[in-house]
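Coordinates in review
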Amino acid sequence: MDLRRYLASRPVYEIGGLFGAIALTMLIVTVMANDSSSITVPYKRNIIYVEQWRADRTDAEIHAQQQIDKVVRDRELAELDRLKKKKQAEFKRLDDKLKAYGF
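My aim in this report is to walk through the structure given alongside it, one point at a time. (Residues numbered from 1 in each chain as written. Predicted model: local features only at pLDDT ≥ 70, side-chain atom pairs only at ≥ 80, totals over all residues. Heavy atoms only, no water.)

**Some remarks on the overall build of the protein chain**
For clarity, the threshold we go by: A run of DSSP states H or I qualifies as a helix once it reaches four residues; a run of E qualifies as a strand once it reaches two. Both are numbered from the N-terminal end. C-alpha atoms define the radius of gyration, and 2.2 Å times the number of residues to the power 0.38 defines the globule rule. Only protein chains enter the calculation, and the probe is 1.4 Å; a residue is then buried if its accessible area is under 20% of its type maximum, exposed if over 50%, and partly exposed in between.
Each helix and strand counted, the protein chain has 3 helices and 0 strands in total. Going from the N terminus to the C terminus, the protein chain shows its helices and strands as α-α-α. Over its C-alpha atoms the protein chain spans a radius of gyration of 31 Å, topping by over 25% the 13 Å that the globule rule assigns to 103 residues. Principal-axis analysis of the C-alpha atoms places the extent of the protein chain at approximately 95 × 40 × 15 Å. Across the 103 residues that make up the protein chain, the buried fraction comes to 1%.

See the structure below:
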């Protein structure tokens with residue numbers, strides 16, 4: 001009874017704004033609830049294999065293996081550096097666009 005009397009005393013645009021705000025809020029909450037329940041990332045094992053070395057290896061064998069591993073490690077670091085620079089360039093382009101808009 002009090003709510004009906006209150007709403008009757010308000011202008012039409014205020015009542016429309018009230019129901020519009022309620023509808024928009026419900027829409028946002030519904031979308032967020034549906035989105036959070038739809039994220040299903042399958043479990044993927046992250047297996048790390050460790051090499052076993054003989055205890056009686058010579059220093060020359062150890063040094064030779066380190067040289068082989070260094071080439072692989074340098075290649076991986078170069079690839080990581082390339083990807084990092086690519087990502088930095090993407091952010092730089094985004095920053096330039098935002099500066100053009102005054103942000």
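**Here's the deal with helix 3 (residues 59-100)**
What counts is decided by this rule: For a helix, the expected span equals 1.5 Å multiplied by the number of residues minus one.
In a regular helix each residue adds 1.5 Å, so 42 residues correspond to 62 Å; helix 3 covers 60 Å between its end C-alpha atoms and thus fits that length. Positive backbone phi, at 95 degrees, marks G102, one or two positions downstream of helix 3.

**Brief notes about the environment of R82**
Selection rule: N or O atoms within 3.5 Å of each other form a polar contact, as long as, within protein, one can give a hydrogen and the other can take it, and as long as residues adjacent in sequence are counted only when both atoms are side-chain atoms.
Mapped onto the elements of the fold, R82 is located in helix 3. Taking relative accessible area as the criterion, R82 reaches 44% and is therefore assigned partly exposed. The spatial distance from the C-alpha of R82 to the C-alpha of V29 is 41 Å, given a sequence separation of 53 residues. Polar contacts involving the side chain of R82 include one to the side chain of E79, which spans 2.7 Å.

**Some details on the environment of Q67**
Topologically, Q67 is positioned in helix 3. Taking the C-alpha atoms as reference, Q67 lies 62 Å from T25; in sequence the two are 42 residues apart.

**Structural notes on the pattern of salt bridges**
Working definition: two side chains of opposite charge can pair if their charged atoms are close together. As a reminder of what qualifies: Take a side-chain nitrogen of Lys or Arg and a carboxyl oxygen of Asp or Glu: if they are within 4 Å of each other, that pair is a salt bridge.
Under the defined criterion, the tally for this structure stands at 9 salt bridges. A salt bridge links R82 to E79, with the nearest nitrogen and oxygen atoms 2.7 Å apart. Within this pair, R82 and its partner E79 are both found in helix 3, separated by 3 residues, close to a single helical turn. Across the pair K99 and D95 runs a salt bridge whose closest N-O atoms are separated by 3.6 Å. Of this pair, K99 and D95 both sit in helix 3, 4 residues apart, roughly one helical turn. Accessibility expressed as a relative area gives 54% for K99, which makes it exposed.

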